[in-house]
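Here's the letter readout for the chains.
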Amino acid sequence: MTGRACRQVAMLACDSSPCGESGRQLLARLAPRPDLGSVLTELCPHHPVPGDIVEISGPGGSGKTQLLMECVAAALSCDSTSAVVLLDTDRHVRMPRLLQLLQRHLPSAAAARSAASRLELLTATSSQQARVALEALLARLEEHAGVLLLAVDSLSAFYWSDRHALGRVGERADAWYRQLGQQLVRLAGRGRLVVVATRHSLSAGATGWHHMGAEWAAAVTRSVCLRPQQGAVEATLRMVARTEDAAPPPPSLWKRRFVITDEGVRWLEVRADSE
Amino acid sequence: MHQYLKNKECPLLSEDVLAELKNNGIKTVLAFLSRDSEALIHACSLTYQEVVSVKKVLFAKYSALPCSATDLLDQPSVAPLASGCDRVDGLLGGGLPAGDLVELCGPSAVGKTQLCLAWAAAALLAGARVLVADAKCEFSVDRCRRFLRRRGRSAQECDRLLERLQYAQVFSMQELLALLEAVRSRRRLHAGLRLLVVDSLAALAAPLLASPGFIGFGLLTDVGTTLKSVAAECRLTALVTNDLVQSEPGGGERPALGLAWLHVPHHRLLLSRETSTAPGPLAQPPRAGPRRTATLAKSISAPCGTSADFLVTDAGVEEAPIAQKRSAPED
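Residues numbered from 1 in each chain as written. Chains lettered and ligands numbered in written order. Predicted model: local features only at pLDDT ≥ 70, side-chain atom pairs only at ≥ 80, totals over all residues. Heavy atoms only, no water.

Rule in force here: UniProt positions are given in the numbering used here, feature names are shortened, and annotations may be inferred rather than shown by experiment.
You'll find chain B entered in an unreviewed UniProt entry as DNA repair protein RAD51 4, with Amphibalanus amphitrite given as the organism. Recorded in UniProt under Subcellular location (unreviewed entry), the annotation for chain B is "Nucleus".

As recorded in an unreviewed UniProt entry, chain A goes by the name DNA repair protein XRCC2, listed as coming from Amphibalanus amphitrite.

### Section: the overall build of chain B
How we decide: Numbering of helices and strands runs from the N terminus, with a helix taken as a DSSP run of H or I at least four residues long and a strand as a DSSP run of E at least two residues long. We compute the radius of gyration from the C-alpha atoms alone; for a globule the expected value is 2.2 Å times N to the 0.38, where N is the number of residues. Exposure categories follow from relative accessible area, calculated using a 1.4 Å probe and restricted to protein chains: below 20% of the type maximum is buried, above 50% is exposed, and the middle band is partly exposed. Contacts were defined at the residue level, with two residues in contact if any of their heavy atoms lie within 4.5 Å. Per-residue accessibility takes into account occlusion by the displayed protein chains alone, with areas from the Shrake-Rupley method and a 1.4 Å probe. His is not counted, nor are the chain ends, whereas Lys and Arg count as positive and Asp and Glu as negative. The location of each charge is read from NZ of Lys, CZ of Arg, CG of Asp or CD of Glu.
When helices and strands are counted, chain B shows 13 helices and 12 strands. Radius of gyration (C-alpha) of chain B: 25 Å, far over the 20 Å computed for a compact globule of 331 residues. In terms of overall dimensions, chain B has C-alpha extents of about 95 × 55 × 40 Å along its principal axes. Here chain B holds 331 residues, and the buried ones make up 47% of them. Residue pairs at least 24 apart in sequence account for 66% of intrachain contacts in chain B once pairs closer than 6 positions are excluded. For chain B, the exposed area adds up to about 15400 Å²; of that, 52% sits on carbon and sulfur atoms. The average position of the 37 basic charges and that of the 34 acidic charges among the side chains of chain B differ by 3 Å.

### Side note on the interface of chain B and chain A
Using the following cut-off: Summed over both partners, buried area is the accessible surface (1.4 Å probe) that two parts give up on being assembled. One speaks of a salt bridge when a side-chain nitrogen belonging to Lys or Arg is within 4 Å of a carboxyl oxygen belonging to Asp or Glu. N or O atoms closer than or at 3.5 Å make up a polar contact, with two conditions inside protein: a donor-capable atom paired with an acceptor-capable one, and, for residues adjacent in sequence, both atoms drawn from side chains. Classes in brief: Ala, Val, Leu, Ile, Met, Phe, Trp, Tyr, Cys and Pro nonpolar; Asp, Glu, Lys and Arg charged; the others, Gly included, polar.
Across the contact, 44 residues belong to chain B and 50 residues belong to chain A. When the two sides are added together, the surface that chain B and chain A hide from each other amounts to roughly 4100 Å², 62% of it contributed by carbon and sulfur. Joining chain B to chain A, the criterion identifies 4 salt bridges. In this structure, the salt-bridge partner of Asp90(A) is Lys228(B), at a minimum N-O distance of 3.7 Å. For the interface between chain B and chain A, the tally reads 15 residue pairs in polar contact (both at pLDDT 80 or more). Per-element tally for the side of chain B that touches chain A: the top contributor is helix H12 (residues 215–234) of chain B, with 10 residues. Broken down by class, the residue content of the side of chain B that touches chain A amounts to 21 nonpolar, 14 polar and 9 charged.

### Details of unusual backbone geometry
With the exception of glycine, the majority of residues adopt a negative phi angle, and the majority of peptide bonds are in the trans configuration. A cis geometry characterises the amide bond from Asp153(A) onward to Ser154(A), with omega recorded as 0°. Its location among the elements puts Ser154(A) in the loop between strand E4 (147–153) and helix H7 (159–168). Of note, the phi angle at Cys137(B) is positive, near 55°, even though the residue is not glycine. A positive phi angle, close to 80°, is found at Leu257(B), a residue other than glycine. Among the secondary structure elements, Leu257(B) is positioned in the loop between strand E8 (253–255) and helix H13 (259–262). Among the residues examined, Leu257(B) registers a relative accessible area of 4% and is labelled buried.

### Brief notes about the side chain of His263(B)
You can see His263(B) is positioned in the loop between H13 and strand E9 (267–273). A polar side-chain atom of His263(B) sits 3.3 Å from a polar atom in the side chain of His200(A). Engagement of the side chain of His263(B) in a polar contact is seen with the backbone oxygen of Ala260(B), the distance being 3.5 Å. Setting aside residues no more than four positions away along its own chain, His263(B) makes contact with Gly60(A), Asp90(A), His92(A), His200(A) and Lys298(B).

### A short note on the packing of aromatic side chains
Our working rule: Aromatic pairing here means that ring centres of Phe, Tyr or Trp (its six-membered ring) are within 6.5 Å. Orientation follows from the plane angle: under 30 degrees is stacked, over 60 is edge-to-face, and everything else is tilted. Distance and angle both matter: a charge sits over a ring if NZ of Lys or CZ of Arg is within 6 Å of the ring centre and within 35 degrees of the ring normal.
Summed over the entire model, instances satisfying the criterion amount to 5 aromatic pairs over all chains. Their ring planes at 75° and their centres at 5.0 Å tell us that Tyr159(A) and Trp160(A) sit as a pair that is edge-to-face. Owing to a relative accessible area of 5%, Tyr159(A) belongs among the buried residues under this scheme. Cluster of aromatic residues (ring-pair linked, three or more members): Tyr159(A), Trp160(A), Tyr177(A), Phe214(B) and Phe217(B). Of note, Arg131(A) hangs over the ring of Trp176(A), and the distance from its end group to the ring centre comes to 4.4 Å.

### Some words on the pairing of strand E1 (residues 53–58) of chain A
Residues and elements named next belong to chain A. We apply this condition: When DSSP finds two or more bridges between a pair of strands, those strands are recorded as paired.
Counting buried positions along E1 yields 6 of 6 residues, so the element is predominantly enclosed. Both faces of E1 are covered, namely the face carrying Ile53, Glu55 and Ser57 and the face carrying Val54, Ile56 and Gly58. Sheet topology places E1 next to strand E5 (residues 194–200); 6 bridges connect them, and they run parallel. For Glu55, the partnering residue across the bridge sits in E5 and is Ala197.

In structure tokens form, the structure reads like this:
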């Protein structure tokens, strides 16, 4: 099955929308969305659009959370009403740092603070808490009509704890994480959000293994892999053509390097490769 | 992991309703919340409004805690905890940051426990409380007392300061988790706690990592999550020590406890010690050990790769004299 077909199947499987929606829900769904100018356009010339799922992966200390915070700051700055929901499982996000990044995008400290006030932070201390929070978000999508971006840091914070706890009751962690992936795909689709999620490298040397499962991996439209290299970080972006793309897909692989400074991410040279 | 539906969650969840839900495969809180309300009224005898009410109660109880970014920005800041060695403190932006998990990583006898002692003494001198979870029985309160005495405190003052140091021996990950949960749940009892030391996490966790069923990695993740939660909620610094292991035959060294732990700490200081014991040309304080180096290997807020040399003396941790290059002998 091609990546595009897998994504279509994944979205249909995850969609458990009720039969009929209220007028409020319909308006929230059909309202035009502001353009989500994002740091990810540094990696490729195409802005993420509602429904896109971006995954940032890499080893510890490679800059995943910093890149995620750049996306959050860019989303909060693109419009005076845009809102972001950040699901924090790792506790690596720092608000003073976010404010610093916002001040780079916005003309004044007051504007940066006003943008920060549109960030809803959900701090989860367990996998169950995180998943219940996502269900709450799904249940109240019409109340979150202004939310452009759902940021998750990270998808793998509780993996080993879950694997141990589920193993004790005879269950498998892959089913749990497959359901988590389905929740995020439903949010991206029904909520017309961009989902940006970080994921730690959980296993050294294991190629192709993804703890979220094949369905999630197929639903991801942009995969950013970070690798520390010679004082900088090499980011490799792989794009999957979206289901609604009519034009031929662009070159699907970009490599770019960046460093993290006090002002935020600073991009170095860009190079587009074809697969 | 799975929170099962129980009558105590909400009075509307009677035993009959729970039995009906169970017959339809809905046994857990998450299973209930992930079903549409229309589907749930067909699975049990609750009305639509009752299902919505039960969902509200469950969301309030089990969802992640929401807060606004501006509330966090408005929290009063807590000054970093300085050890007394400006160069080492400078690696972390002035000292141990409140709310963060800091890891000291290095081989045996490099000075990890000494640095913990120095920061503990600094916290006591600043009027704060310290909790030490000692897994190796190497944490010397007497040495901490000597650090305080060398800072000019009288014997009586040292006794009074040491009353604010709470010492606990822990011999298992489960005991450590119980201690951390006690700190979190009884915050009033631990008011003023500024530093929580775990020496050493490797001693507790390493024996479990090879156990079947991923119990070691699971407990390690639980400890990491709890340490970060306690640090954030109590506005303290959690300071843990860890060993270094060979990453692969012929390869470099890396922190112990595997990939499961590598991403957990907010900051990681790698410690090393000079191996030469011959007296060098640099004047060092008397009764000082060999020169040691701390390198910032990971940080969420400071540039990595910076390092600082320090010495461990009777007064605590002090800056090492700056190394001068030997000039080449003239022909």
